[in-house]
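Architecture at a glance
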Amino acid sequence: HKSRQWSTNEFSKCIKTIENAYPSKYEFVICGGINDIIRSKKIEKQTSRIEKVINKTGKTSLLELITIIEESILVISADTSAQHIAASSQTSCIV
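The model shown is predicted, which means the values in this text are computed figures rather than measured ones.

From N to C terminus, the protein chain includes four helices and four strands. Taken from the N to the C terminus, the helices and strands of the protein chain come in the order α-β-α-β-α-β-α-β. In terms of C-alpha radius of gyration, the protein chain reaches 13 Å, essentially the compact-globule figure of 12 Å for 95 residues. Taking the principal axes of the C-alpha coordinates as reference, the protein chain spans close to 30 × 25 × 25 Å. Counting across all 95 residues of the protein chain, residues that qualify as buried make up 26%. Once local pairs closer than 6 in sequence are excluded, the contacts in the protein chain between residues at least 24 apart make up 51%. Of the roughly 6800 Å² of accessible surface on the protein chain, 52% is carried by carbon and sulfur atoms. Charged side chains in the protein chain number 13 positive and 10 negative. The centres of these two groups are separated by 9 Å.

Looking now at the side chain of Ser12. By secondary structure assignment, the location of Ser12 is in helix H1 (residues 8–21). Here Ser12 is in contact with Ile43, Gln46 and Thr47, once residues within four sequence places are set aside.

With that settled, the discussion passes to the environment of Ala82. If you trace the backbone, Ala82 turns up in helix H4 (residues 80–88). Relative accessible area serves as the criterion here: at 8%, Ala82 is assigned to the buried category. Separated by 51 residues in sequence, Ala82 and Cys31 place their C-alpha atoms 9.7 Å apart. Other than its neighbours up to four places away in sequence, Ala82 contacts Ile69, Val75 and Ser77.

Quick look at the packing of helix H3 (residues 62–70) against H4 now. For the pair H3 and H4, the least separation of the axes is 9 Å and the interaxial angle reads 55°. One way to sum up the angle between H3 and H4 is to call them oblique. For the pair H3 and H4, the sense of crossing is right-handed. Listed contacts from H4 to Leu62, Leu65, Ile66 and Ile69 of H3 are Ala82, Ile85 and Ala86. Taken together, the residues that form the contact of H3 with H4 break down as seven nonpolar, no polar and no charged.

Our next topic: the nonpolar core. Among soluble globular proteins, nonpolar side chains are generally buried collectively. By size, the foremost hydrophobic cluster in this structure holds seven residues: Phe11, Ile15, Phe28, Ile30, Ile43, Ile50 and Val53. Listed by contribution, the elements that provide at least two residues to this core are H1 and strand E1 (28–30). Ignoring anything within four residues of it in the chain, the contact list for Ile15 reads Phe28, Ile43, Thr47, Ile50 and Val53.

This part is about a nonpolar patch on the surface. Among the surface-exposed residues, Ile73, Leu74 and Ile94 lie close enough to one another that they form a single nonpolar patch of about 260 Å² accessible area. Positionally, Ile73 belongs in the loop between H3 and strand E3 (74–76). Take Ile73: its relative accessible area is 58%, and that puts it in the exposed class.

What counts, and at which threshold
- Residues numbered from 1 in each chain as written.
- Predicted model: local features only at pLDDT ≥ 70, side-chain atom pairs only at ≥ 80, totals over all residues.
- Heavy atoms only, no water.
- Helix = DSSP H or I, 4+ residues; strand = E, 2+ residues; numbered from the N terminus.
- Rg over C-alpha atoms; globule rule 2.2 N^0.38 Å.
- Buried < 20%, exposed > 50% of the residue type's maximum accessible area, 1.4 Å probe, protein only.
- Contact = heavy atoms within 4.5 Å.
- Areas by Shrake-Rupley, 256 points an atom, 1.4 Å probe, with all protein chains shown as cover.
- Lys, Arg positive; Asp, Glu negative; His and termini not counted.
- Charge placed at Lys NZ, Arg CZ, Asp CG, Glu CD.
- Axes fitted to C-alpha atoms, helices over the stretch in contact; angles between N-to-C directions.
- Parallel < 35°, antiparallel > 145°, perpendicular 65-115°, else oblique.
- Left-handed = near helix turned anticlockwise from the far one by under 90°.
- Nonpolar A, V, L, I, M, F, W, Y, C, P; charged D, E, K, R; others polar.
- Core = buried A, V, L, I, M, F, W, Y, C linked by side-chain atoms within 4.5 Å.
- Patch = residues over 30% accessible without salt bridge, like charges linked within 9 Å, V, L, I, M, F, W, Y side chains within 5 Å.
- Salt bridge = Lys/Arg side-chain N within 4 Å of Asp/Glu carboxyl O.

Have a look at this one:
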């Protein structure tokens, strides 16, 4: 739902804030469906100075998304399915 979506600027700012606090410590994986490709490319461009931003938007199956979330220490998402996957795998989540 568009009203609860963060802007690309907000996601980029979040990535930059974490990277500035913990330089080169974390990877940032952008996930989403094919309808999210344009937004994810904007985030990728806005964070281009950060080496560890990986854009997997439109490239992952549901099982791959589950694995990514299970291996993460934090999920930031407006999507409730990602939130539920994070909760079931005991991965911290910000919605």
